[in-house]
Amino acid sequence: MAKQRKALITGITGQDGSYLCELLLSKNYEIYGMVRRASHVPFERIKGIVDRIHILDADLTDQTSIDDIVSSVKPDEIYNLAAQSFVPTSWNQPLLTGEVTALGVTRLLNAMRRHAPKSRFYQASSSEMFGKVLEVPQKETTPFYPRSPYGVSKVYGHYITINYRESYGLYAVSGICFNHESPRRGLEFVTRKVTHGTARIKLGLADELPMGNLKAKRDWGFAGDYVEAMWLMLQQKEPDDYVLATGEIHTVEELLKTSFAAVDLDWRKYVRVDKRFLRPAEVDLLCGDPTKAKRKLGWKPKVNFKQLIDMMVESDLEQLRKG
Ligand code: NDP
Ligand code: GDR
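For the structure given in this document, a descriptive report is provided here. Just so it is clear, the model here is predicted, and its values are computed rather than measured. (Residues numbered from 1 in each chain as written. Chains lettered and ligands numbered in written order. Predicted model: local features only at pLDDT ≥ 70, side-chain atom pairs only at ≥ 80, totals over all residues. Heavy atoms only, no water.)

1. Describing the site of ligand 1
Selection criterion: Whether a residue is near a molecule or strand depends on its heavy atoms: it is near if one of them lies within 4 Å of it. Here a polar contact is recorded for every N or O atom pair within 3.5 Å, except that within protein the pair must consist of a potential hydrogen donor and a potential acceptor, and residues adjacent in sequence are included only if both atoms are side-chain atoms. Using a 1.4 Å probe, the Shrake-Rupley method yields the accessible areas, and only the shown protein chains count as cover for residues. Think of it this way: any DSSP run of H or I at least four residues long counts as a helix, any run of E at least two long counts as a strand, and we number them from the N terminus. Here the nonpolar group is Ala, Val, Leu, Ile, Met, Phe, Trp, Tyr, Cys and Pro; Asp, Glu, Lys and Arg are the charged ones; every other residue, Gly included, is treated as polar.
Residues in contact with ligand 1 amount to 24 residues; listed here are only the nearest, T13, D16, R36, S85 and Y150. Between an oxygen atom of ligand 1 and a main-chain N or O atom of Q15, the distance comes to 3.0 Å. In this structure, S85 approaches ligand 1 through a side-chain N or O atom, which is 2.6 Å from an oxygen atom. Surface burial for ligand 1 is 88%, taken as the share of its 910 Å² of free accessible area covered by protein chains. Elements represented by at least two residues in the shell around ligand 1 include exactly α1 (15–26), β5 (120–126) and α5 (149–168). Here the element with the most residues in the shell around ligand 1 is β5; it accounts for three residues. Each residue belonging to the shell around ligand 1 can be placed in one class, and the counts come to 10 nonpolar, nine polar and five charged.

2. Remarks on α1
Every α-helical turn comprises 3.6 residues, leaving residues that sit three or four positions apart pointing alike. The condition that has to hold: Here, expected helix span is obtained from the residue count minus one, scaled by 1.5 Å. Buried, partly exposed and exposed residues are distinguished by accessible area as a fraction of the type maximum, computed with a 1.4 Å probe on protein chains only: under 20%, between the cut-offs, and over 50%, respectively. Pairs of residues are marked as contacts when any of their non-hydrogen atoms sit within 4.5 Å.
Across its 12 residues, α1 extends 17 Å between first and last C-alpha, which sits within 8% of the 16 Å expected from 1.5 Å per residue. Within α1 the residues assigned to the buried category are Q15, D16, G17, S18, Y19, L20, C21, L23, L24 and L25. Elements that come into contact with the buried residues of α1 comprise β1 (6–10), β2 (30–35), β4 (77–80), β7 (180–181), β10 (221–222) and α7 (223–233). Backbone geometry just downstream of α1 places N28 in the positive-phi region, at approximately 65°.

3. Examining the packing of helix α4 (residues 94–115) against α5
We apply this condition: Angles run from 0 to 180 degrees between N-to-C directions of axes, and those axes are lines fitted to C-alpha atoms, restricted for helices to the stretch in contact. Working definition: roughly parallel below 35 degrees, roughly antiparallel above 145 degrees, roughly perpendicular at 65 to 115 degrees, and oblique for all remaining angles. Crossing handedness is defined as follows: a turn of the near helix away from the far one that is anticlockwise and smaller than a right angle gives a left-handed crossing, while the clockwise case is right-handed.
The contact between α4 and α5 brings their axes to 8 Å, and the two run at 15°. The orientation of α4 relative to α5 falls into the category roughly parallel. Both α4 and α5 take part in a crossing whose hand is right-handed. Within the contact between the two elements, α4 uses P94, T97, G98, T101, A102, L103, V105, T106, L109, N110 and R113 and α5 uses P149, Y150, S153, K154, Y156, G157, I160, T161, Y164 and Y168.

Structure below.
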């Protein structure tokens, strides 16, 4: 019988961590989830599976704790999904964002180089690196022009991953992921804010939804599809970086229209623009070209935009009805 493979997932309590964990459990991996200390139990997204995995305390800002877990587990695969991932917060906390989202990658790569050099490493890079885009659609070779401290930190994480691959011969790769969403998306991100807001209005729990830039265009997919590509990227013969995207774009306005239409409401009656949600520097348009991932990994997203938003509205209605 084949040896059970061990995966270390940072950010396991986040949206992607929870889907990836379910996927790897279905493939019979032994899962080690890195969790930072909190004053509350942060297992909401993994509550159904937490008994089937090992939880390890560490923080991406603390090299000692990372060294300890990598040297004790010696994982076959490491997925670095942890980050300060909310773009607006990165202007309020630029140094923390740099410590976690940028330098945290180097800390983990250092631990892998020292204690598990045969491991395979996935870095969660982001379409935010393209920022003020220099080409449409964006592909692996498109130059970066980040527009926020978050985007700048992700560019660092991206290049340090390539640098450790080239300097030390590690199997270390980056998935340049475009926005991916789900019913488990944090409430502050635009899709979940809209679907949760729609459900609250439908159920009479709110009567308006304050929003930021309605003209922004994004390439939105389903998180469950994207974690499959992350896994596939670590199963290849040669380490390489890939754009993960749907190739289809929608405006925030279209998102509002689709979400409110799912409950037979007209979004225009409830939405108002509130300057508090505008950003110091905006990313106007992101549209990914997933051709390389399709060709080399055989990956393509299965859930389309309308199915995704319908799924999220349905889930928010159900959760709010339960109270
Ligand atoms: P989430 O914000 O849902 O999850 C982030 C995770 O990082 C949480 O588990 C959080 O823990 C953890 N974390 C934050 N700070 C630290 C720290 N100092 N030490 C250890 N863990 C920490 O993000 P997503 O799941 O949406 O995204 C996963 C990754 O992919 C992130 O790196 C994100 O930047 C990147 N990405 C996401 C995209 C998307 O559309 N979702 C697109 C492109 C890239 P806690 O629960 O304690 O807060
Ligand atoms: P983004 O996601 O910044 O692309 O980063 P977010 O959902 O926050 O914003 C998408 C676009 O919607 C516009 N917008 C609003 N956004 C929020 N959050 N709230 C609003 O009220 C609102 N109104 C309009 C924004 O201006 C923006 O243009 C996400 C994160 O998951 C990152 O970690 C990841 O790297 C990128 O996606 C790819």
